[in-house]
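# Working through the structure, step by step
Each chain is listed here by its residues.
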Amino acid sequence: MDLNNVPILSIVTFLPLAGAIVLMMFSSENKGLIRLWANLVAAAGFLVSVPLFFAFDYENSAAMQFRETLSWIPSLGVRYSVGIDGISLLLVLLTTLLGAIAVLSSWESIQHRAKEYYVFMLMLQTGMLGVFVSLDFFMFYVFWEVMLVPMYFLIGVWGGPRKLYAAIKFFLYTLVGSVLLLLGILALYFQYPAIAAAAPEIAAQFGLERTFDILAFQEMGPFLNPDLQWWIFLAFFVGFAIKVPMFPFHTWLPDAHVEAPTAGSVILAGVLLKMGTYGFVRFSLPILPDATVEFVPFMIALAIIAIIYGALVAMMQKDMKSLVAYSSVSHMGFVMLGMFALNPNGLNGSLLQQINHGISTGALFLIVGIIYDRRHTREIAEFGGLSSIMPKYAVIFAIMTMSSIGLPLLNGFMGEFPILMGALQENIWWAVAGASGIVLGAAYMLWLYQRTMFGKIDNPKNEGLPDLNAREMATLIPLVILAFWIGIYPAPFFRALDGPVDRLVEIVREDYFEANPIEAELTPPAAVAAAGEAE
Amino acid sequence: MNFLDLLYLIPLFPLAGFAVNGLFGKRLGPGFVNAVGCGSALLAFVFSCLAVLQLVEQEEPFHTNTVFTWLDAGSALTADGLLAEFSINWAFYLDPLSAVMVLFVTGIGFLIHVYSIGYMAGEDGYYRFFAYLNLFMFSMLTLILGSNYLMMFIGWEGVGLCSYLLIGYYIARQSAGDAAKKAFVANRVGDWGLSIGVMLIFFTFGTLEFTGVRAALADGVESGAFVAGDAVFLAIGIALFIGACGKSAQIPLYVWLPDAMEGPTPVSALIHAATMVTAGVYMLARSNFLYQMSPEAMMVVAVVGAATALLAATIALVQNDIKKVLAYSTVSQLGYMVLAVGVGAFATGIFHVFTHALFKALLFLGAGSVIHAMHHEQDMRKMGGLKDKIPVTFWTMAIGTVAIAGIPPLAGFFSKDEILYLTLTGGHPVLYAVGLFVAGLTAFYMFRMLFMTFFGESRADPDVHPHESPRVMTVPLIILAVGSITAGWIGLPAWTPDFIAAENHFEHFLEPVFEFETAGGAAAESAAVEEDHTLEEVLLALLSVAVAGIGILTAFTMYYRASDRPRRLAERWKTAYALLANKYYVDEIYDTVWVNGVKAAGTGLWRVDARVVDGGVNGSARLTVESALGSRWWDRWIVDGAVRFIGGFVDTLSWPVRLIQTGHAQNYALLMVLGVLILIGYVLW
């Protein structure tokens, strides 16, 4: 497929926004039409992104593809510049898919101010996609901030009882991070002439006096003075760590999740958290390699704390949603552990795991949302024995539970195992500590499952709850399929990640790939035997 | 057809069976479910037989069947600083070890599928049961046939999942849910160790293929890069063994297996006796070359095995639930197998895995038949006198009991005695003594079970009318009984006269798997083999038969007829009895230390989250609000105050001035005149 002459990324990014603008013109009385339109736009948003998966050149997965560049504010060196490599490819596809699913999941649960709701959902979609496709810091920051606003309203208007507290907490938390992020970006911007002077031949490639070009910084970042790198890393760290969220910046997450409407939680867990990890791999690692290496012990310590701490706190939650929210803290700890192992296994696992987390946790929030729609409560103690009356629900819940605890042949394992492999190559104790998270993960997820699904129906209010309807199945089945696909045949995903990962490792650890390759595998006895037989 | 290249089909049959039964079984009814469930297991068995037959005809009994590259997560630096590709194939490997495993797993698996038709008839979710059973077969076969540690790990986790699903099969029971979760979590602790071990293997050798690791190790030994006793082999050995402790129910992780009896009895027979629980032993035997590099790790394995055998056997002495007796007996027998591996008798360990699979599956299925006959009564105190009412069950179970008790020429004798013999000759007299003592205990508690269940007066409720099980259940029992009698004959000991068997066929068959030269160790070993030990071996065999005889005799005197001897004994040794009856309180201790400990940690950290972390966040919010209020105050009183103060000050100062600013012309005129007068006065002065 040739997409070179089509501004495909702009279409993918702005289609939801265009849909939202059209939606604004609808009469807010006509709720049926509004949600139909919103679903059509979101589904179309996913469909137009699918060709990316096939047209993407996996041989050059480290290179930015489908590029579009236009001058925007020439006096500041700001450009409209988009493109994706293997990392952002997967994130874009995850976003469009989860976006469509989240919109579909709101079909019945959102009746109040439906028009505004869907407008915000679609705007949010554009904001998130913009973050993943931007190759210009200025543009990136605009999208990064733009995305906050609809999320704030989604929580604040359509949220639960403590929605205002949660919304404000979310907003302020992230805003603090954003401010520091902006400081970091500006520091880089004003340093550019100095680094350009330090590396004139590379600067000549870009031929710019002042720029926000992310690729230029990736090439030239290593020429930054290490002290300055350290400070910029710290500024970026706060910005991204809040988003991930890393311990101890995670407390906005349970509140935001618990209060947000189901679709908000799905997007929040599935996509928004990934912006933090994406920020680290896209900016911190390649632009600030020296500082990255320096920060490794600190980052690993926080990651391991998050894995264990998140799991332990998740265990004792009484609300299903906050349990899943804390499990996110634990899972994102895995992502950070793999990332800062700074080797191919760790990074590959980490980048795949962030996709996996979007799938599994997204599905778990849908699952909780479905039961909330029926009973208007998420207290674990209110449930029990549901598997006897909701068998389909029980099966999908079981699959997603297993995916979340990293059972092989499901997606979670494909992330966790390489992450732990990567960690072990650096320091065996990182792996030993990290792997304890999978024991705890099994404990809290299976306990949740047992308390809600096993046993007899002992709460009369649960009698006669209907099983999944077709629409609910439609929201969950794609995620189930993906979970199995990644678990059974992850090669297409690793193929997209391998290139960018190798490049990152080369930047951060120059001589990594210069080690001698291991000797060709000795002929195993089996091969000898087969040869003998052939004769 | 070359069946060796169709190895991948063997697990695929039951997987297909799982998919079909899981998706359509409910609609298509039990007849269809039976055909698919049992049919797929039978196909797997047939293909296994064909593949193994081709394997033994080959010159070298090894075959790898690679299907596709499964996982490719980029390069990795190994411990030697070499660059390896972390690339894992979806591949199957058949060698004598996996051949033995695959034959008995599919064979016994098929029989248990058939048996389940009778046992599970009329149960809710019948299709679900068969689907899970098929899924289990798929996972178990992947575990056994996988050609690398990661494939094995998939199967390993898969069987854990199926075990979880089947223990929790009676979903409405709280205890079933608890037991299922306990099994999964205990196994997860083991998996934690296993996964670390697997990663360490990759980190050390740069590959996870069994053949590749073995070749790399052999090379390293030759070049001197690896020396027996290196710390890395101890670490790998211990890590893998933690995994084995989980799956094969060894101290300290054995606690899940007795609880796993919550599952339907065919599940207990298939998963929790014959096949899955031996996966740990299989994995240890598969890693024999790694263990041979670490005598310390071997020692740990041997000691834990012997200790587990003893601990579980003592608990089994006083259990009254027929399935609990068998469960603890399984733990104890697994201890023997682990002991065998620990003393380096890998082939013998696998031999015991094989014979045990037969007689323990038989015993569990027999127990199932008893329970079936007794309308789901499992308490042996409410049985008795069943001998004549369910004769087929009785006779087959009696054979199983004699087999496990170690009476020649039944199967259990040969494998167990070989383990004991090799433990002693391996230089572990203490472990030998423990093993021998446990043999006596085994004979005692097994015959106790037999007597309590089948002999004496009936103690059942009067409205229970025991009836023999249908043929679909008894035929598998008979087949397994025949196996329990004869299976030992393929591994006859060295002292057997040559006209019966010139060699131990079983061990000879497995030899290629376990030949590994660790440089130095091999020479001593072959020297030991040279000497003639026939007399000693026969004497030792007689000794263990005598010990078993004592056990049987004791059980006979106490339980053959109803007597109050057991009760009197229990009263006399109250503390000891309570200790055993309560399983040494291990569950209670684990609950207090681990379960409650983790829960308390969770609650505590949650509080930290709410008070400290969020306290900080809310505190800073509060601080912001307070400081805003402060600034308001500052604004009002200080900034504004200063402005107003200046205003007021000027105002205050200005009032005298203002007094004269009256705006009346005559006042100004008056002042002006006054001023002029003062001025004149001054000048004239």
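Remember, predicted model here, so these are calculated numbers, not experimental data. (Residues numbered from 1 in each chain as written. Chains lettered and ligands numbered in written order. Predicted model: local features only at pLDDT ≥ 70, side-chain atom pairs only at ≥ 80, totals over all residues. Heavy atoms only, no water.)

Scanning chain B from N- to C-terminus turns up 25 helices and 2 strands. Against the compact-globule benchmark of 26 Å for 685 residues, chain B has a radius of gyration of 38 Å, which places it well outside the compact range. By its C-alpha atoms, chain B is 165 × 75 × 60 Å across when sized along the principal axes. Expressed as a percentage of its 685 residues, the buried residues of chain B come to 55%. (Helix = DSSP H or I, 4+ residues; strand = E, 2+ residues; numbered from the N terminus. Rg over C-alpha atoms; globule rule 2.2 N^0.38 Å. Buried < 20%, exposed > 50% of the residue type's maximum accessible area, 1.4 Å probe, protein only.)

Now for the pattern of salt bridges. Where side chains of opposite charge bring their charged atoms close, a pairing between them can arise. Applying the stated criterion across every chain, the model contains 20 salt bridges over all chains. A salt bridge links Asp255(A) to Arg162(A), with the nearest nitrogen and oxygen atoms 3.3 Å apart. Of this pair, Asp255(A) sits in helix α11 (residues 252-259) while Arg162(A) sits in the loop between α6 (148-158) and α7 (163-198), placing them 93 residues apart in sequence. The class for Asp255(A) is buried, based on a relative accessible area of 12%. Arg188(B) serves as the salt-bridge partner of Glu157(B), at 2.8 Å between the closest nitrogen and oxygen. Here Arg188(B) lies in helix α5 (residues 174-205) and Glu157(B) lies in helix α4 (residues 149-167), a separation of 31 residues in the sequence. Here Glu157(B) and Arg188(B) have matching classes, each one buried. Look at the salt bridges and you will find they share partners, linking Arg162(A), Lys169(A), Asp255(A) and Asp614(B) into a network. (Salt bridge = Lys/Arg side-chain N within 4 Å of Asp/Glu carboxyl O.)

A word on the confidence of the model for chain B. All names here are of chain B. For chain B, the average pLDDT comes to 88, and 97% of its residues sit at 70 or higher. Across residues 520-528, confidence stays below pLDDT 50; counting only partners more than four residues off in sequence or on other chains, it has 2 contacts. Interface scoring of the predicted complex returns ipTM 0.89; its pTM is 0.90. (pLDDT = per-residue confidence, 0-100. Contact = heavy atoms within 4.5 Å.)

Our focus in this paragraph is the packing of helix α3 (residues 86-105) of chain A against helix α15 (residues 344-375) of chain A. Residues and elements named next belong to chain A. Relative to each other, α3 and α15 sit at 5 degrees, their axes nearing to 10 Å. By the criterion of interaxial angle, the relationship of α3 to α15 is roughly parallel. Between α3, through Ile87, Leu90, Leu91, Leu94, Leu98, Ile101 and Ser105, and α15, the contact on the second element is made entirely by Leu351, Gln354, Ile355, Gly358, Ile359 and Leu366. Taken together, the residues of the contact of α3 with α15 break down into 10 nonpolar, 3 polar and no charged. (Axes fitted to C-alpha atoms, helices over the stretch in contact; angles between N-to-C directions. Parallel < 35°, antiparallel > 145°, perpendicular 65-115°, else oblique. Nonpolar A, V, L, I, M, F, W, Y, C, P; charged D, E, K, R; others polar.)

Attention now moves to the interface of chain A and chain B. Taken residue by residue, the interface counts 70 residues in chain A and 70 residues in chain B. Interface area for chain A against chain B, summed over the two sides, is near 6100 Å², with a carbon-plus-sulfur share of 72%. Taken together, the connections running from chain A to chain B amount to 1 salt bridge. One salt bridge in this structure joins Asp614(B) and Lys169(A), with 2.7 Å as the shortest N-O distance. For the pair chain A and chain B, the number of links is 20 residue pairs in polar contact (both at pLDDT 80 or more). Where the side of chain A that touches chain B is concerned, the elements lending two or more residues are α7, α13 (289-315), α15, α17 (411-426), α18 (428-453), α19 (470-488), α20 (491-508) and α21 (525-534) of chain A. (Buried area = accessible area lost by both parts, 1.4 Å probe. Polar contact = N/O pair within 3.5 Å; in protein donor to acceptor, adjacent residues only side chain to side chain.)

Our focus in this paragraph is the packing of aromatic side chains. All names here are of chain A. Scanning the model with the defined rule gives 87 aromatic pairs over all chains in all. Their ring planes at 75 degrees and their centres at 6.2 Å tell us that Phe53 and Tyr58 sit as a pair that is edge-to-face. With respect to burial, Phe53 and Tyr58 carry one shared label: buried. The ring centre of Tyr189 lies 5.5 Å from the NZ or CZ of Arg210, which sits over that ring. Note that Arg378 overlies the ring of Tyr372, its terminal NZ or CZ placed 4.8 Å from the centroid. (Phe/Tyr/Trp six-rings, centres within 6.5 Å; stacked < 30°, edge-to-face > 60°. Lys NZ or Arg CZ within 6 Å of the ring centre and 35° of its normal.)

Residues and elements named next belong to chain B. Under the counting rule described, the total for this entry stands at 0 disulfides over all chains. Unpaired in this structure, Cys162 has its nearest cysteine sulfur neighbour in Cys38, at a distance of 17 Å. The buried category is assigned to Cys162, whose relative accessible area is 1%. (Disulfide = S-S within 2.5 Å.)

A few words now on helix α6 (residues 210-223) of chain B. All names here are of chain B. Its 14 residues give α6 an end-to-end C-alpha distance of 20 Å, which sits within 8% of 20 Å, the value for a rise of 1.5 Å per residue. Among all positions in α6, only Phe210, Thr211, Gly212, Val213, Ala215, Leu217, Gly220 and Val221 are buried. Once α6 finishes, Gly224 follows within two positions and takes phi at roughly 85 degrees, a positive value. (Expected span 1.5 Å × (residues − 1).)

All names here are of chain B. Of all 12 residues making up strand β2 (residues 83-94), 9 are buried, and the element is well covered by its neighbours. As paired elements, strand β1 (residues 63-77) and β2 share 11 bridges and run antiparallel to each other. Across the sheet, Ala76 pairs through a bridge with Ala84, a residue of β2. What sits between the antiparallel neighbours β1 and β2 is a turn of 5 residues, in which Gly81 has the positive phi angle 75 degrees. (Pairing = 2+ DSSP bridges.)

On to the packing of helix α4 (residues 114-133) of chain A against α6(A), then. Residue and element names in this part refer to chain A. At a minimum axis separation of 9 Å, α4 and α6 run at an interaxial angle of 150 degrees. The angle between α4 and α6 falls in the class roughly antiparallel. Note that α4 runs across α6; the crossing there is left-handed. Of α6, the residues touching α4 (which contributes Glu116, Tyr117, Phe120, Met121, Met123 and Leu124) are Pro150, Met151, Phe153, Leu154 and Trp158. Residues that form the contact of α4 with α6 fall into these classes: 10 nonpolar, no polar and 1 charged. (Left-handed = near helix turned anticlockwise from the far one by under 90°.)

With that settled, consider the environment of Ile10(B). Residues and elements named next belong to chain B. Residue position: Ile10 is located in helix α1 (residues 9-57). Sequence spacing of Ile10 and Gly663 is 653 residues, and the spatial spacing of their C-alpha atoms is 117 Å. Those residues in contact with Ile10, other than ones at most four positions away along the chain, are Ala44, Phe47, Ser48, Val102, Leu141 and Leu145.

Take the nonpolar core next. In terms of nonpolar packing, the biggest core is built from 442 residues, with Phe137(A) and Leu290(B) touching the most fellow members. Broken down by element, this core gets its largest block of residues, 18 residues, from helix α14 (residues 346-373) of chain B. Filtering out sequence-adjacent residues up to four positions away, Phe137(A) remains in contact with Ile185(A), Leu188(A), Phe212(A), Ile214(A), Phe217(A), Phe236(A), Phe283(A) and Ile287(A). (Core = buried A, V, L, I, M, F, W, Y, C linked by side-chain atoms within 4.5 Å.)

As a further point, take unusual backbone geometry. In this model, Phe247(A) is joined to Pro248(A) through a cis peptide bond whose omega is 0 degrees. Each neighbour pair has its own omega, and for Pro408(B) with Pro409(B) the value is 0 degrees, a cis peptide bond. Along the chain, Pro409(B) falls in the loop between α15 (391-405) and α16 (411-425). A positive phi angle, near 55 degrees, is found at Leu342(A), a position not held by glycine. Checked against the element boundaries, Leu342(A) lands in the loop between α14 (320-341) and α15.

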